[in-house]
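The lines below spell out each chain.
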Amino acid sequence: MRLERLNYNKIKIFLTIDDLMDRGLTKEDLWKDSFKVHQLFKDMMNEASLELGFEAHGSLAVEVFSLQAQGMVVIVTKSNEEMDEEEEDYTDDYIEMQVKLDESIDVVYEFQSFEDLIQLSKALKQMGLTQGSVYFFNQKYFLHMDDYSPAPIETLIAVLAEFGSSTTLTLHRLQEYGKPIMKEDAIQQLTSYFH
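Since the structure is predicted, the reported quantities are computational estimates derived from the model, not experimental observations.

Rules used throughout
Residues numbered from 1 in each chain as written. Predicted model: local features only at pLDDT ≥ 70, side-chain atom pairs only at ≥ 80, totals over all residues. Heavy atoms only, no water. Helix = DSSP H or I, 4+ residues; strand = E, 2+ residues; numbered from the N terminus. Expected span 1.5 Å × (residues − 1). Buried < 20%, exposed > 50% of the residue type's maximum accessible area, 1.4 Å probe, protein only. Contact = heavy atoms within 4.5 Å. Axes fitted to C-alpha atoms, helices over the stretch in contact; angles between N-to-C directions. Parallel < 35°, antiparallel > 145°, perpendicular 65-115°, else oblique. Left-handed = near helix turned anticlockwise from the far one by under 90°. Nonpolar A, V, L, I, M, F, W, Y, C, P; charged D, E, K, R; others polar. Pairing = 2+ DSSP bridges. Core = buried A, V, L, I, M, F, W, Y, C linked by side-chain atoms within 4.5 Å.

Caption draft 1: Quick peek at helix 4 (residues 114-126). Compared with the 18 Å implied by 1.5 Å per residue over 13 residues, the 19 Å span of helix 4 between its first and last C-alpha is a close match. Along helix 4, the residues that are buried comprise Phe 114, Leu 117, Ile 118, Leu 120, Ser 121 and Leu 124. On its buried face, helix 4 is in contact with strand 6 (107-111), strand 7 (133-137), strand 8 (140-145), helix 5 (153-163), strand 10 (179-182) and helix 7 (186-194). After helix 4 finishes, the residue Gly 128 shows a positive phi value of roughly 90°.

Take a look at the structure:
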């Protein structure tokens, strides 16, 4: 579980598939209202309190984004509403949540070097993949794929994990702040120019 403070009232939590499995959960379980899910949320809020000083009480907006075969990103936002002291006394153990769930078909992986991308492109080309876009951001390279047929998603993730690592960065952040290196057909371009 990785935690990141986005601003004074908002945090981002990245849960890997392993984090979920360690707690006996699957991605599908997160869409259900169960004791294990409540316990997971309580654990996340305790860790956020310890690591980031983020105290969860009152009204919270929780957005859960499922990343293809990578895990989940959970955005927790505290309400800005000011409560008087009398109300605060009753809300210490009570959290009102508005939960929004979303699943992304985008796969975004992070690579330490351009050479890793070149080596990856050989394997992906053999799988019949030619699409994708490459970005450079914070001294790292990122490959985004939203069309990965004919390869099964599990196979694609296994190959990507050999050369890179999953990232909590969203495609929107990469598009806004990253430098596009190859906007389309990245696998095709990498195999054409570097093999």
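Caption draft 2: Main features of the packing of helix 4 against helix 5. Where helix 4 meets helix 5, the axes come as close as 9 Å, and the angle between the chain directions of the two elements is 155°. If you check the angle between helix 4 and helix 5, you find them roughly antiparallel. Where helix 4 crosses over helix 5, the two elements pack in a sense that is right-handed. Contacts from Asp 116, Gln 119, Leu 120, Ala 123 and Leu 124 of helix 4 reach helix 5 at Leu 156, Val 159, Leu 160 and Phe 163. Partitioning the contact of helix 4 with helix 5 into residue classes produces 7 nonpolar, 1 polar and 1 charged.

Caption draft 3: Representation of the side chain of Thr 77. With respect to the element layout, Thr 77 can be found in strand 4 (residues 71-78). Overall, the relative accessible area of 17% leaves Thr 77 in the buried class. Those residues in contact with Thr 77 that sit more than four places away from it in its chain are Asn 9, Lys 10, Ser 59, Leu 60 and Ala 61.

Caption draft 4: Spatial organisation of the sheet that holds strand 10. Reading across from one edge, 9-6-8-7-10 is the order of the 5 strands in this open sheet, with antiparallel pairing throughout. The sheet terminates laterally at strand 9 (165-166) and strand 10, the two strands that pair on one side only. Of the pairings in the sheet, the one linking strand 6 to strand 8 comprises 5 bridges and is antiparallel in character. The residue of strand 8 that forms the bridge with Val 107 is Met 145. Where helix 5 meets the sheet, its contacts fall on strand 6 and strand 8, and the angle it forms with strand 6 comes to roughly 15°. The strands that helix 7 touches are strand 7, strand 8 and strand 10; relative to strand 10, the one it contacts most, it runs at about 60°.

Caption draft 5: The nonpolar core, seen in detail. Ranked by internal contacts, the top residues of the largest apolar core, which has 24 residues, are Leu 117, Leu 124, Leu 143 and Leu 160. Residue assignment for this core shows that the elements contributing at least two residues are strand 6, helix 4, strand 8, helix 5 and helix 7. Ignoring any residue separated from it by four or fewer positions in sequence, one finds Leu 160 in contact with Val 107, Tyr 109, Phe 111, Leu 120, Leu 124 and Leu 143. Residues Leu 3, Leu 25, Leu 30 and Leu 60 belong to the second largest nonpolar core, which totals 21 residues.

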